Amino acid sequence: MKDFLLFPLYLARLILQSALLAVGQIWVNKTRSLLTTLGIIIGVASVAAVIAALEGMNRRILENFESFGTRKIFIWPERPQTGRQKNIAYEQIRFEPEQFDGLLEHCPSVEYLSLMTSLGRLPGRFMEHTVDAVSVTGVDASWFKIENRPIVVGRPFSLLDETQGRYVCIITTQLRDKLRMDRDCAGQIIQLGSNSYVVAGMVDDKPNNAMLFGQAGEQLDAYIPYTTAAKLLYRPWIRVMASCRDSTRAEEARAEIRFFLRQTRGLKPGDPDNFGVFLMESEVRRFKQVMEMITLVAAGIVSISLLVGGVGIMNIMLVSVSERTREIGLRKAVGARPGAILTQFLVEAVVLCMIGGFFGVGLGQLLARTIANSAPLMEQAQIPGWAIAVAFGFSGGVGIVFGMFPAMKAARLNPIEALRHE
Amino acid sequence: MSKPCPLIEVHQLERTYIIGAEKVRALRGVDLTVYANEYVAVMGHSGSGKSTLMNVLGCLDRADKGTYRLNGIDTTRMSEGQLAHIRNRQIGFVFQSFELMGRLSALKNVELPLIYSHVPFWKRRQMAKEALNRVGLGQRIGHKPNQLSGGEKQRVAVARALVNQPSLLLADEPTGNLDSATSEGIMKLFEKLHAEGQTIIIVTHEADIAARARRIVRMRDGQIVSDLSAEQDMTRQDGHRLGIEGAAR
C-alpha cells in the first residue's frame, strides 16, 4: 500500500533524474545533438511560422470585419423559394414603414433600427460649384449609430427634422471638399436634385476596407431624414438596417426580428419568410470556422516535417543505446529495473526533442517577424501562445513516439551480454 | 546453537545456452551452500561454468532447472523487476574491468546503486562517502575514473558494490586487470571486509588469489569437482602436483 502511494513520487524522481542525466548526455555530445535536433528545429519553426502567418491574416481580416461592424443586421424583402408567394411580384412583398412600428420594443436584443431608402444619384450644387452625382439616401438618425459613423461637424438629425420631414442633410467629408464648402459646413445650403437642403452636419468617409468589401471609391454621399425622402418618393422601396446589442446575441436578434415581422407582415404559420435577415456576426463566425480549418490543415501538413525530425531522433537514440550498452548492463547489474532504463532513454529522447522545440519556436519567431515585415497583409503575424504550447507538446510527443523503440531496445538488453559488449 | 539459515542454497542447478545450433550445458547440476560471513573462491578454467554460476548467483541470469534460495527466498520464479530489486539490495558486483562511468566522479559512481533504491540525494552522498572511506578512498571522491589508478578504480568499484550493504559481494576476476602489487592491495581490502563480516564470493582462475579465501570451490565442465577449506585444498593440490611430478619422474 505504501509502495503504491509512493509510486508517483518515485516516478517523478526517476523522470527528474533521467532528465538531468539526459541533459548531461546531450551536453557531452553537443554537436551531434544539435545536428540531430535540426530536423525538429526546422519542423517546429515551420509549423510555428505557418500558424503565425495564418493568424496574422486572420487578425487582419477580423479587424476589417470589426471596423465594418459585427453587430449589423440587414433586413430586406425577399421572394420565398416555395409556398404560395413563390412567384409573387416584388411590388407586393415590399416593406411598409408600419411593419416596423414597435419592433424595438418587441425585440429586446435589437438596439437600433433604421429604415433606408435611396433617392438615387442626384446632381449636387453649392454656390457655383457642382457635382454630377451625389448618392442621396434617406435614413433615420439611428443609422449613424448602427454604422458607427459619428457626426464630426454640426449635429445629427433632430426629432423635429424627422417628424416634420425637414429638408436637412448630413454630408460626407469628400462631398464637402468637392463642393468647396467651408470646413465648418453646418448651416450652409446645398442643392441636391431639385431641392435645397440645410447641411446639419458632416460624417467622416467610410473606412476603406478595400480587401473585404471592394474599393469604396468616391464617397460623394448625402443623407437626409427618412421621412423627408418618403415625402419625395411615391411608395419608397425600403431596406432596413439594425444592430444587435451584443454580437453574442445576434442569433437571438434574428429570431426576434423574424417572429415580429412574420406577424406584422401577416404570414401564416406554414408560410416561408418573404424577407431576409442577414447577420454580419454569422459571417464573421463562418469566416472564423473556415480560418480555423485552414490553420489546422496547414499546421497538420507542415508538421509532417516533424515526423522526419523524429526519425532522426530515433536514429541517434539507437546509436546512443548501442554506444552505451555496457553502461546499460552495469545499471541493470546494480539494480536498475527495465522500467528505469526505459524511462532514462525515453526521457533523453523527449528532452532532445524539447530542446529542438525550444530552438524551433525561437527560429519560428524570427520567421514570423520576417513574414510580418515583408507582407502588409501579414503585418500582425505572431506566434500565438497556444501554438507555442502545441509545438512543445508535439515535439515532446515525437520524442515519446520515436524514442520508444530505442528505449525498449535498451530496457530489454540482457545484462550479461550488455556487460560483455565491446 | 542451531545451525544458521544459509545465505545461499543452490540445488541441482542447470543452465544450458543455445549458441547457434549448438547447445552448451554450462551448469550440469550444481549443489552449493554458502553461509553468511564465508569467503569463498570459485575456481576453474574458462568454460568450466564458473562465470555462469556467478551470473546465476548474482541474479543476472536464471537457471533452467534447480532452485536457488538467497536468504531463504526462492529466486527461481522471480520476474525481471524482482531480480533487479534483489541485485540492488542484496548483491554487490565487482567486475574485472571495473565498469565505472567515465563521466562521473568516484562519488557519483558509488551513488549509482542508491539511485535505483530510491535513496534521497542528501542521504546518497553521505552513504557513498562512507563506502569510499571503507575502501580507503575518502580523499579522492571528486576524481573521475581517468584520474585514478587501476587499483583505485577497483576500490571505487568495491565501494559501489558495498554502498547498499549487500548480503553478498560477488567479485568476478577482481584482479584480472591489475598488476601483482595492486592486486595485493585489493586482496587485503577483501580480507578486511571479510573480517568486518562481509560474505564474499570471488571467481578467479588464479591459484594465489583463490588461496586467500577461506573456502575453495573448484569447477570443471559445469560441475563442482571439489569444495574444501583453503588449507585442505592446498594440501590436496600439493598432493596432486607431487603426484603428477612423481608420475613424470
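Note that this is a predicted model, so its numbers are computed, not measured. (Residues numbered from 1 in each chain as written. Chains lettered and ligands numbered in written order. Predicted model: local features only at pLDDT ≥ 70, side-chain atom pairs only at ≥ 80, totals over all residues. Heavy atoms only, no water.)

Caption draft 1: Main features of the side chain of glutamine 198 of chain B. All names here are of chain B. Its place among the elements puts glutamine 198 in the loop between helix H6 (180-195) and strand S8 (200-204). There is a polar contact of 3.2 Å between the side chain of glutamine 198 and the backbone oxygen of proline 166. Apart from residues lying up to four places away in sequence, glutamine 198 is in contact with Asn37, Glu38, Arg134, Leu162, Pro166, Ser167, Leu168, Leu169 and Leu193. (Helix = DSSP H or I, 4+ residues; strand = E, 2+ residues; numbered from the N terminus. Polar contact = N/O pair within 3.5 Å; in protein donor to acceptor, adjacent residues only side chain to side chain. Contact = heavy atoms within 4.5 Å.)

Caption draft 2: Fine view of the interface of chain B and chain A. Listed by partner, the interface residues are 24 residues for chain B and 22 residues for chain A. Between chain B and chain A, roughly 2200 Å² of surface is buried when both sides are summed, and carbon and sulfur atoms account for 58% of that area. Three residues stand out in chain B for area buried against chain A, namely Arg103, Tyr116 and His118 of chain B, and they jointly supply 30% of the buried area on that side. Connecting chain B to chain A are three salt bridges. Here glutamate 80 of chain B makes a salt bridge to lysine 332 of chain A, at a shortest N to O gap of 3.7 Å. For the pair chain B and chain A, the number of links is eight residue pairs in polar contact (both at pLDDT 80 or more). For the side of chain B that touches chain A, the secondary structure elements donating two or more residues are helix H2 (80-90) and helix H3 (106-116) of chain B. In terms of residue count, the dominant contributor to the side of chain B that touches chain A is H2 of chain B (six residues). A class-by-class count of the residues in the side of chain B that touches chain A yields 11 nonpolar, six polar and seven charged. (Buried area = accessible area lost by both parts, 1.4 Å probe. Salt bridge = Lys/Arg side-chain N within 4 Å of Asp/Glu carboxyl O. Nonpolar A, V, L, I, M, F, W, Y, C, P; charged D, E, K, R; others polar.)

Caption draft 3: A look at the domain arrangement of chain A. According to the domain assignment, chain A contains domain 1 (14-65 + 288-420) and domain 2 (73-280). One C-alpha centre belongs to domain 1 of chain A, the other to domain 2 of chain A, and the line joining them spans 57 Å. (Domains from an automatic or database assignment.)

Caption draft 4: Structural view of the packing of aromatic side chains. Residue and element names in this part refer to chain A. Under the counting rule described, the total for this entry stands at 12 aromatic pairs over all chains. With centroids separated by 5.6 Å and ring planes inclined at 55 degrees, the aromatic side chains of phenylalanine 65 and phenylalanine 287 adopt a geometry described as tilted. You can see phenylalanine 65 sitting in helix H2 (residues 30-68) and its partner phenylalanine 287 sitting in helix H10 (residues 280-302), a full 222 residues away along the chain. Joined through ring pairs, the aromatic side chains of Trp143, Phe144, Phe157 and Tyr223 make up one cluster. For lysine 30, the ring lying beneath its charged end belongs to tryptophan 27, and the centroid distance is 4.3 Å. (Phe/Tyr/Trp six-rings, centres within 6.5 Å; stacked < 30°, edge-to-face > 60°. Lys NZ or Arg CZ within 6 Å of the ring centre and 35° of its normal.)

Caption draft 5: Geometry of the packing of H3 of chain B against helix H5 (residues 150-162) of chain B. Residue and element names in this part refer to chain B. Running from N to C, H3 and H5 point in directions that differ by 30 degrees, and their axes come no closer than 7 Å. Between H3 and H5, the angle is such that the two are roughly parallel. Considering only the axes of H3 and H5, their crossing is right-handed. In this structure, H3 uses Ala106, Asn109, Val110 and Pro113 to contact H5, whose residues at the interface are Val156, Ala159 and Arg160. Tallied by class, residues from the contact of H3 with H5 come to five nonpolar, one polar and one charged. (Axes fitted to C-alpha atoms, helices over the stretch in contact; angles between N-to-C directions. Parallel < 35°, antiparallel > 145°, perpendicular 65-115°, else oblique. Left-handed = near helix turned anticlockwise from the far one by under 90°.)

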